[in-house]
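The primary structure of each chain is shown beneath.
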Amino acid sequence: MDKATSASPSDKRLFISVCICTYNRAKSLSAALQSLTAMEREEDLTWEVLLVDNNSSDNTRSVADSFSNKLPLRYVFEPKQGLSHARNRAITECRSDILLFTDDDVVVEPAWLKKYVAAAQRFPGADYFGGRVLPHWQDGRPPWLRDEPMPLLSGLFIWYDLGQDTRQYVHTELLPYGASFAIRRRLFERLEPFRVDLGVSGNTPGRGEEAEYLSRARAGGSEGIYVGTAVCHHWVDLERLKLSYMYRFGIQKGIEQVIIAGRTYSGNTYLSELKYGLRGLFQLLKGRGDRFRQCVINMGIQNGLRQTRKRYLNTLNVNSQ
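Residues numbered from 1 in each chain as written. Predicted model: local features only at pLDDT ≥ 70, side-chain atom pairs only at ≥ 80, totals over all residues. Heavy atoms only, no water.

1. Quick look at the overall build of the protein chain
Within the protein chain, the secondary structure is distributed over 10 helices and nine strands. Burial status across the protein chain gives 52% buried among its 321 residues. In the protein chain, once contacts between residues fewer than 6 apart in sequence are set aside, the share between residues at least 24 apart is 82%. Working note: accessible area of the protein chain is about 15400 Å², and carbon and sulfur atoms make up 52% of it. (Helix = DSSP H or I, 4+ residues; strand = E, 2+ residues; numbered from the N terminus. Buried < 20%, exposed > 50% of the residue type's maximum accessible area, 1.4 Å probe, protein only. Contact = heavy atoms within 4.5 Å. Areas by Shrake-Rupley, 256 points an atom, 1.4 Å probe, with all protein chains shown as cover.)

2. Focus: the environment of Asp103
In this fold, Asp103 is placed in the loop between β4 (98-102) and β5 (106-108). Asp103 sits in the buried class, given a relative accessible area of 18%. Separated by 74 residues in the primary sequence, Asp103 and Leu29 have C-alpha atoms spaced 8.3 Å apart. Apart from the residues lying within four places of it in its own chain, the contact partners of Asp103 are Ile20, Ala32, Arg87, Gly178, Ala179 and His234.

3. Points about helix α1 (residues 26-37)
An ideal rise of 1.5 Å per residue puts 16 Å on 12 residues; α1 measures up with 17 Å between its terminal C-alpha atoms. Among all positions of α1, only Ala26, Leu29, Ala32, Leu33, Ser35 and Leu36 are buried. Among the structural elements, β1 (15-22), β2 (46-53), α2 (60-66), β3 (73-77), β5 and α4 (112-122) are those in contact with the buried residues of α1. (Expected span 1.5 Å × (residues − 1).)

4. Concerning the nonpolar core
Formed by 66 residues in total, the largest nonpolar core has its most connected members in Leu33, Leu36, Trp112, Leu113 and Ile183. When residues of this core are assigned to their parent elements, the largest contribution, six residues, is made by α4. (Core = buried A, V, L, I, M, F, W, Y, C linked by side-chain atoms within 4.5 Å.)

5. Some thoughts on the packing of aromatic side chains
Within this structure, the stated rule accounts for 11 aromatic pairs. For the pair Phe101 and Phe181, a centre-to-centre distance of 5.0 Å together with 20° between the ring planes defines the contact as stacked. Taken as a pair, Phe101 in strand β4 and Phe181 in strand β8 (residues 180-184) lie far apart in primary sequence, 80 residues in all. As far as burial versus exposure is concerned, Phe101 and Phe181 are alike and both buried. For the ring pair Tyr160 and Tyr177, a centre distance of 4.9 Å and an interplane angle of 40° mean the geometry is tilted. With Tyr160 in the loop between α5 (151-157) and β7 (166-168) and Tyr177 in the loop between β7 and β8, the pair connects residues that are 17 residues apart, well separated along the chain. Put simply, the rings of Tyr128, Tyr160, Tyr169, Tyr177 and Tyr226 touch in pairs and so form one group of aromatic residues. Seen from the ring of Tyr75, Arg61 lies directly overhead, with NZ or CZ sitting 4.1 Å from the centre. Here Arg87 stacks its cationic end above the ring of Phe194, 5.8 Å away from the centre of that ring. (Phe/Tyr/Trp six-rings, centres within 6.5 Å; stacked < 30°, edge-to-face > 60°. Lys NZ or Arg CZ within 6 Å of the ring centre and 35° of its normal.)

6. Observations regarding the environment of Ile16
Tracing the backbone shows Ile16 in strand β1. For the pair Ile16 and Thr46, spaced 30 residues apart in sequence, the C-alpha to C-alpha distance is 6.5 Å.

7. Focus on helix α3 (residues 83-93)
For α3, the buried fraction is high: eight of the 11 residues fall into the buried class. Taken together, the buried positions of α3 are Leu83, Ser84, Ala86, Arg87, Asn88, Ala90, Ile91 and Glu93.

8. A few points about the pattern of salt bridges
Applying the stated criterion to the full structure yields 24 salt bridges. One salt bridge connects Asp65 with Arg61, and the closest N-O pair in it is separated by 3.3 Å. In this pair, Asp65 and Arg61 both sit in helix α2, four residues apart, roughly one turn of the helix. Looking at Asp65, the relative accessible area reads 43%, which means it is partly exposed. Salt-bridge contacts for Arg185 lead to Glu189; the nearest nitrogen and oxygen are separated by 3.2 Å. Taken as a pair, Arg185 and Glu189 lie in helix α6 (residues 185-190) at a separation of four residues, close to a single helical turn. (Salt bridge = Lys/Arg side-chain N within 4 Å of Asp/Glu carboxyl O.)

9. Re the confidence of the model for the protein chain
Averaged over all residues, the pLDDT of the protein chain is 89; the fraction at 70 or higher stands at 89%. Between residues 6-11, whose pLDDT stays under 50, and residues either more than four places distant or in other chains, the model counts eight contacts. Overall, residues 316-321 carries pLDDT values under 50, and its contacts beyond four positions in sequence, including any with other chains, amount to zero contacts. (pLDDT = per-residue confidence, 0-100.)

10. As for unusual backbone geometry
Of note in this structure, Asn24 is not a glycine but carries a positive phi near 50°. Its location among the elements puts Asn24 in the loop between β1 and α1. Asn24 sits in the partly exposed class, given a relative accessible area of 28%. With a phi close to 55°, Ile158 is a non-glycine residue in the positive phi region.

11. Comments concerning the side chain of Ser96
Turning to its location among the elements, Ser96 is positioned in the loop between α3 and β4. In terms of polar contacts, Ser96 uses its side chain to reach the backbone carbonyl oxygen of Ile98, at 2.8 Å. In contact with Ser96, not counting residues within four places along its chain, are Phe15, Ile16, Ser17 and Arg185. (Polar contact = N/O pair within 3.5 Å; in protein donor to acceptor, adjacent residues only side chain to side chain.)

What follows is the structure, encoded as structure tokens:
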């Protein structure tokens, strides 16, 4: 029988830690915590909000204190800068059966936690779970954005939508996004922690720490469940709509690819970047602003591959001297 085969809901009382790792986002953090106060919950559910403050210098602590009588909130300060350090601190602090991660700039729907609990009980053999993440546009959806799925733009906007079913992941499917995913204790007790050379660090962008972590879980035989009814809405920062941000986003994707692969890319990235630029202009002339922006991200990826190769070669030169 498949490890993640569906079962009848268990009578075992689950203990879940909802973890938010935060850095200098007191305003959006307050909205995220407020949405948690309105969640639907089963009476016998034991849960906590584990808030990991990743060295914030704003009023994050006072925001946390303001929710101490509204939520079962536990505040932890992690001085090592970086999202991966914060997530690893959450693992060491976790006292529960399941660690459910979300972001400090989301609003969860009332049934979000309840649907995760139901999936965990229905699929006791599953080690990780991913929820549906929809973009929340501050000034309305961009007119150039069509419904055609585009992975790079979806990653940019933190848009993760595989439908509304609750089902086992196909092994070729995109893994959950960091804004909404859960891992069982037996998984994080078995796996090495999140890689600290990946992910956001303070104001420095970064990518890929949860994808790399869950890729290791999948490669090790762990099964995952997509929970399409567990929905949260991720605020889309207006900065992400700028071409300059998209290009920088691509650079980080390129760097991530090299770090995860453990080897440099040997192709002609200058030529590839030029080709993506020309292709993007052609798409723009056709009225396809979405494909044009996808090309901008791909241009950044080529730059990221090139930067990482240059660093690698410089390291070899230094070591050979």
